[in-house]
Structures are given as C-alpha cells and as structure tokens.
Amino acid sequence: EGAKHAIACETKSFAARTVSKASSEQVVQGPQEGFVEAIRQNTSLVRRIIRAENLITEMMQVGARNKASVAMMYLKDLANPKLVQEIKRRISKIETDYIGDTGMLEEFIEDHPFALVPQTLKTERPDRVAAHLVEGKVAIIIDGSPFALIVPVDFFAFLQSPEDFYLRLPYGFWLRILRMAAIFLTLLLPAFYIAVATFHQEMIPTDLLLSISAAKEMVPFTTVLEILFIEL
C-alpha cells in the first residue's frame, strides 16, 4: 500500500516427479535422494547441502527450438575463473535445434568426441555433486534431465563410488585399491595367459599343462582367438 513500484516474479510450474531414491547410484550408507527432471529442484537439492554464499548458479539457454535451461554451479572462491569462463564459452557456442539431456550436451563441450574414455562425470546424486564442487569443480545441470555433469574429471574419479565419502579411511582406501587392481588384472591377465600358454609353457606346472592341452584338443581355435572371443 502506498508503493509506486511492483515486483514481477516468475511463478509458472510444470508437472514433475517428486524427489526419490537415486536409481543408478544406490548406496547403503549416505543420503538417498536423487535428482529429478526439474532444474530448480535439482539446484535447490545442491544448495541445501552447500549453504554458502559463494555457491553460484548461472542460468543459460541452449537449443534454438526448445531453449532448454542450463544451470552451471560452482563455488566462486574455489573454482578456477578460467575454467568457468571456458565452460560458459563452450555452452554459449552450441548451435543446435534441440538439447534434451546432459548426454547430448556432453557431446558438444568435450575435448575429444571420439575418445573411448569419458571426459565428464555423470551423476544423479546431489551429495556427489556437492563433494566435487568443494574440490573446485563445476557442475552442469540441464532442465529435463535427472543427471548432472561434473567437469573437469580425471581417470581416478571414475574409480570412486558415492559411498566412499561416508566410509572410514581404511575401508574407503582398500575399496579403491581393489577397484584399481581389478582394472589392471582385467587388462593384463589375458595377455599374460597368452604369453605363458603360447611362448613360455615351461612356467606352467606339468599337471596343469596337460589339462590345458587335453582341453584344447577338440577346440579348432588358437589360444589368441579364444581370448579374443572371451574379450568380445
């Protein structure tokens, strides 16, 4: 009453599912909430965890037809300003009619589109996003997708489980060691078996060598082809 100005606020809302458990990254210990398809709900889930005035949310739009809203979240005092500017530049340079998911956005901003190893980390857990934000990384959330992108990431980020943050040091440490050991064994054991069975048979105990030879009598493939079939 008596004021000469009015405030216009956006109050529109769309139908969306409520916050529920994360389906692809379930944990026994830790928060159970997962992202939904509404961008405002997703940013509020992260902001509820990190209650800091330095948590910045910058909104952008991509897609000439659908004009999807994209939120870029980072901690101003931790994130590298050059990194933030580079991500904004790449998103603003996107020229396409439609972007409906973070997977489509990832293809436009990654460095090496044909690389087999992913260059961004996808997650549907707000607590995992918060954990990476406090490490100085940037999260990208797009309206309509229940997954967020974390950039930049290194190879070891893919060896971490969301539950690692809630385990005591001995358990979390050895779980990561086991994952790394499993990767090296998966990569090296087939080659080791081929080398021993084909070129260094003297390293195999006699009884085991006889068993391997008996098992291969009726197989019309060499050891190399067998391992290739197993890998495929």
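Residues numbered from 1 in each chain as written. Predicted model: local features only at pLDDT ≥ 70, side-chain atom pairs only at ≥ 80, totals over all residues. Heavy atoms only, no water.

Caption draft 1: Structural context of helix α4 (residues 126-133). Counting buried residues along α4, 8 of its 8 residues qualify, which places the element largely inside the surrounding structure. Taken as a whole, α4 has its buried residues at Pro126, Asp127, Arg128, Val129, Ala130, Ala131, His132 and Leu133. Buried residues in α4 make contact with α1 (39-49), β1 (55-62), β2 (68-75), β3 (121-123), β4 (138-142) and β5 (148-151). (Buried < 20%, exposed > 50% of the residue type's maximum accessible area, 1.4 Å probe, protein only. Helix = DSSP H or I, 4+ residues; strand = E, 2+ residues; numbered from the N terminus. Contact = heavy atoms within 4.5 Å.)

Caption draft 2: Representation of the pattern of salt bridges within the structure. All told, the structure shown has 13 salt bridges when counted by the stated rule. Glu86 is the salt-bridge partner of Arg89, the closest N and O atoms lying 2.7 Å from each other. You can see Arg89 and its partner Glu86 sitting in helix α2 (residues 81-92), 3 residues apart, about one turn around the helix. Of the residues examined, Glu86 reaches a relative accessible area of 26% and is grouped as partly exposed. (Salt bridge = Lys/Arg side-chain N within 4 Å of Asp/Glu carboxyl O.)

Caption draft 3: Broad picture of the confidence of the model for the protein. Overall, the predicted model of the protein reaches an average pLDDT of 88, with 100% of residues at or above 70. Model confidence for the protein, summarised as mean pLDDT per element, is weakest for helix α6 (residues 206-216) at 80 and strongest for β4 at 95. (pLDDT = per-residue confidence, 0-100.)

Caption draft 4: Examining the sheet that holds β2 more closely. An order of β1-β2-β4-β5-β3 is seen for the 5 strands of this open sheet, with the pairing classed as antiparallel. Each edge of the sheet is formed by a strand with only one pairing partner; in this case those strands are β1 and β3. Direction aside, neighbouring strands of the sheet carry axes that sit 25 degrees apart on average. The sheet contact formed by β3 and β5 spans 3 bridges and is antiparallel. Each residue of the ladder has a partner; that of Thr123, found in β5, is Ala148. Relative to the sheet, α1 contacts β1, β2 and β4, its axis offset from that of β1 by approximately 165 degrees. (Pairing = 2+ DSSP bridges. Axes fitted to C-alpha atoms, helices over the stretch in contact; angles between N-to-C directions.)

Caption draft 5: Examining the layout of surface pockets more closely. Taken as a whole, the largest pocket holds about 550 Å³ of empty space. Around the largest pocket sit 17 residues that line it, and Glu10, Phe14, Ile39, Arg40 and Asp143 are the ones nearest its centre. Of all the secondary-structure elements, those providing two or more residues to the lining of the largest pocket are α1 and β1. Looking at which element gives the most residues to the lining of the largest pocket, the answer is α1, with 3 residues. (1 Å grid on protein atoms, 1.4 Å probe; cavity = no way out; pocket = protein on both sides within 12 Å on 5 of 7 lines; lining within 4 Å. Points joined across faces, edges and corners; volume = space filled by probe spheres on them.)

Caption draft 6: How the structure looks around the side chain of Thr223. Considering the arrangement of structural elements, one finds Thr223 in helix α7 (residues 223-231). A residue is classified by how much of its surface remains accessible, and Thr223, at 7% relative accessible area, is buried. Every residue in contact with Thr223, bar those within four places of it in the chain, is listed here: Tyr193, Ile194, Ala197, Thr198 and Lys216.

Caption draft 7: Seen up close, the packing of aromatic side chains. In total, this model carries 3 aromatic pairs according to the counting rule given. The interplanar angle of 75 degrees and the centroid separation of 5.4 Å between the aromatic rings of Phe173 and Trp174 together place this pair among those described as edge-to-face. Between the aromatic rings of Phe221 and Phe229, the centroid separation amounts to 5.3 Å while the plane-to-plane angle is 75 degrees, which identifies the pairing as edge-to-face. Residue Phe221 is classed as partly exposed on the basis of its relative accessible area, which comes to 39%. (Phe/Tyr/Trp six-rings, centres within 6.5 Å; stacked < 30°, edge-to-face > 60°.)

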